[in-house]
Amino acid sequence: MGANEAADLRKLAADIRVLLDEPIEIAADRNAKPGEQWQGPTATHVRGELATRKTRLGTMATDLEKEAGSRKDKTSPNQPN
C-alpha cells in the first residue's frame, strides 16, 4: 500500500468485485445454440461454485471498502501535512 491506502483499498475492492465476471459469463454459455450449450451435472456444479465464489469475493470487497472508509488518505510520513 502506498501513501493513499484508502484509495488503494477501494481500487482493490473494485478489482475483486469483477474478478469472476468473465468466467461466469463463459460458464453461462449464453451465445451457444440450444443444442450446443454446456449442460449436465458438471456444468451445473461449476456454475454453482462460481456463484459461491463470486458471493465470497463480494463480501471480501465490502470488507475492504469498510476498511478504506476507516482510513484517511495521507501523505508520506516524511512530508509535512
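Small disclaimer: the values here were computed from a predicted structure and weren't measured.

Here the focus is the overall build of the protein. Counting its regular elements, the protein contains three helices and zero strands. The 81 residues of the protein split such that 17% are buried. Within the protein, counting contacts between residues at least 6 apart in sequence, those at least 24 apart form 75% of the total. Summed over its atoms, the accessible surface of the protein is roughly 6,200 Å², and 55% of this surface lies on carbon and sulfur atoms.

The next point concerns helix α1 (residues 5-17). One turn of the α-helix equals 3.6 residues, which is why residues spaced by three or four share an orientation. Helix length check: α1 (13 residues) gives 18 Å between terminal C-alpha atoms against 18 Å at 1.5 Å per residue, within 8%. Those residues of α1 that fall on the buried side of the exposure criterion are Ala6, Leu9, Ala13 and Ile16. Looking down the long axis of α1, one finds its buried residues gathered within 85 degrees of arc, a one-sided arrangement.

Here we take up the packing of α1 against helix α3 (residues 41-70). Each packed pair of helices is defined by two parameters, the angle between the axes and the distance between the axes. Where α1 meets α3, the axes come as close as 8 Å, and the angle between the chain directions of the two elements is 170 degrees. Judged by the angle between their axes, α1 and α3 are roughly antiparallel. In this structure, α1 meets α3 at a crossing whose hand is left-handed. Here Ala6, Leu9, Arg10, Leu12, Ala13, Ile16 and Arg17 of α1 come into contact with α3, specifically with Lys54, Leu57, Gly58, Ala61, Thr62, Leu64, Glu65, Glu67 and Ala68. Residue composition of the contact of α1 with α3, by class: nine nonpolar, two polar and five charged.

On average, residues of the protein score 87 in pLDDT, and 85% of them are at 70 or above. When pLDDT is averaged over each helix and strand of the protein, the minimum, 92, is found for helix α2 (residues 21-28) and the maximum, 96, for α3.

Conventions used here
- Residues numbered from 1 in each chain as written.
- Predicted model: local features only at pLDDT ≥ 70, side-chain atom pairs only at ≥ 80, totals over all residues.
- Heavy atoms only, no water.
- Helix = DSSP H or I, 4+ residues; strand = E, 2+ residues; numbered from the N terminus.
- Buried < 20%, exposed > 50% of the residue type's maximum accessible area, 1.4 Å probe, protein only.
- Contact = heavy atoms within 4.5 Å.
- Areas by Shrake-Rupley, 256 points an atom, 1.4 Å probe, with all protein chains shown as cover.
- Expected span 1.5 Å × (residues − 1).
- Arc of directions from axis to C-beta.
- Axes fitted to C-alpha atoms, helices over the stretch in contact; angles between N-to-C directions.
- Parallel < 35°, antiparallel > 145°, perpendicular 65-115°, else oblique.
- Left-handed = near helix turned anticlockwise from the far one by under 90°.
- Nonpolar A, V, L, I, M, F, W, Y, C, P; charged D, E, K, R; others polar.
- pLDDT = per-residue confidence, 0-100.

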